[in-house]
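In case you want the letters, here they are:
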Amino acid sequence: MLRTLNLLPVYDSAESDLVYDLLVPSLRSSNSYLRGVGFFTSGWLRLAAHGLAGLIENGGSARFVISPILEKSDWDALQLGEDAKCNEALKSMLESNVDDIASSLESTTLNTLAWMIADGVLEFKFAVARDCATTGDYHDKVGVFTDSLGDSVAIHGSFNDTIKGSLNGEAFSVFKSWEDGQLPFVEKHHKRLLELWQFGNRQFKTFNIPDAVQRKFMKLRSSRNRPYTLRANSPVILEKNISKLHCPLNLYPYQEEAINEWVSANCHGVLEM
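Caption draft 1: Examining the overall build of the protein more closely. Counting secondary structure elements, the protein contains eight helices and eight strands. Within the protein, the fraction of its 273 residues that count as buried is 45%. When the accessible surface of the protein is summed, it comes to about 14,400 Å², and 50% of that surface belongs to carbon and sulfur atoms.

Take a look at the structure:
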């Protein structure tokens, strides 16, 4: 539980390892993590993998609101102010980045990332500026951990969830819900993060990962076995048992392809033949 961690009020990278001394133990003691961060790279998962695995084994999940890195052409599409075009720009950018992630991550980390996204225990939303006259980025760095007893810890500081962030001079202020005078800070950070996740705010709209990109991530799983253990109350839809699928007829290649796509989508959707 979070109360047992004896967390410091401030973590400074000159004195502590922010990932291993703060983030990993907090994740392992929680069943919910809500994070808003300017920059996120999948390489960060290598650093925090044990913490995320502990969170998931607790029956929990992690949600990230991040700033997408968009090319000028993407911004031109976003500036038209139409949600459909925003989603299409994000889809195009993300699909190209999936291939970059696949080539840059070691297979075990990539497999973990793909499984967590497929299971819905790791979710991302992208914060995009509402004002199309500017290309300002979402640049906050805040997070809230919550455990099964309802205790929460809020962190606020300069640290981005990137490999580079772990090498910089960074710091976190830490607020604990059970400490005198700190609950208002925890509640305020949680409230503004939750509102951003659900509805966006006056500055930023938030967008989900497009379904096509999520399916592409799911295909990157290199093993049929999860690299972590799911509890029965985990907020996921478990994969169907597809070993019983059988057809006595010889299928056309396009029919087999359609079935494989459906299975890759965790047996979601409608398949018509």
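Caption draft 2: Structural detail: the packing of aromatic side chains. Under the definition given, this model contains six aromatic pairs. Following the ring pairs from residue to residue traces out a cluster consisting of Tyr33, Phe64, Phe124 and Phe145. Sitting over the ring of Trp197, Arg63 keeps its end group 5.6 Å from the ring centre. Cation over ring: Lys125 sits above Trp197, and NZ or CZ is 4.8 Å from the ring centre.

Caption draft 3: Just the pairing of strand S5 (residues 141-146), in detail. Counting buried positions over the six residues of S5 gives six, a clear majority of the element. Bridging between strand S2 (residues 32-37) and S5 involves six bridges; their strand directions are antiparallel. Bridge pairing in S5 places Gly36 opposite Val142. Note: S5 against strand S6 (residues 152-157), five bridges, orientation antiparallel. Bridge assignment links Val144 to a residue of S6, and that residue is Ala154. From the end of S5 to the start of S6, which pair antiparallel, there are five residues, and Gly150 there has a positive phi angle of about 90°.

Caption draft 4: Spatial organisation of the pattern of salt bridges. A complete count under the given rule lists three salt bridges for this structure. A salt bridge links Asp151 to Arg3, with the shortest nitrogen-to-oxygen separation between them at 2.7 Å. On the criterion of sequence distance, the pair formed by Asp151 in the loop between S5 and S6 and Arg3 in the segment before strand S1 (10-12) is long-range, its members being 148 residues apart. Of the residues examined, Asp151 reaches a relative accessible area of 10% and is grouped as buried.

Caption draft 5: Quick look at the environment of Leu193. Tracing the backbone through its elements, the reader meets Leu193 in helix H6 (residues 183-199). Owing to a relative accessible area of 2%, Leu193 belongs among the buried residues under this scheme. Here the alpha-carbon distance between Leu193 and Gly36, two residues 157 residues apart in the chain, equals 6.7 Å.

Caption draft 6: Broad picture of unusual backbone geometry. In this structure, Asn6 is a non-glycine residue whose phi angle is positive, near 50°. Residue placement: Asn6 occurs in the segment before S1.

Caption draft 7: Structural view of H6. Given a rise of 1.5 Å per residue, 17 residues ought to cover 24 Å, and the 24 Å separating the end C-alpha atoms of H6 matches this to within 8%. What H6 keeps buried is the set Val186, His189, Leu193, Leu196 and Trp197. Along the axis of H6, the buried positions cluster into a sector of 110°, meaning they face one direction only. Structural note: H6 exposes Pro184, Lys188 and Phe199 on the side pointing more than 90 degrees away from its buried face. Phi turns positive one or two residues past the end of H6, at Gly200, with a value near 80°.

Calculation criteria
Residues numbered from 1 in each chain as written. Predicted model: local features only at pLDDT ≥ 70, side-chain atom pairs only at ≥ 80, totals over all residues. Heavy atoms only, no water. Helix = DSSP H or I, 4+ residues; strand = E, 2+ residues; numbered from the N terminus. Buried < 20%, exposed > 50% of the residue type's maximum accessible area, 1.4 Å probe, protein only. Areas by Shrake-Rupley, 256 points an atom, 1.4 Å probe, with all protein chains shown as cover. Phe/Tyr/Trp six-rings, centres within 6.5 Å; stacked < 30°, edge-to-face > 60°. Lys NZ or Arg CZ within 6 Å of the ring centre and 35° of its normal. Pairing = 2+ DSSP bridges. Salt bridge = Lys/Arg side-chain N within 4 Å of Asp/Glu carboxyl O. Expected span 1.5 Å × (residues − 1). Arc of directions from axis to C-beta.

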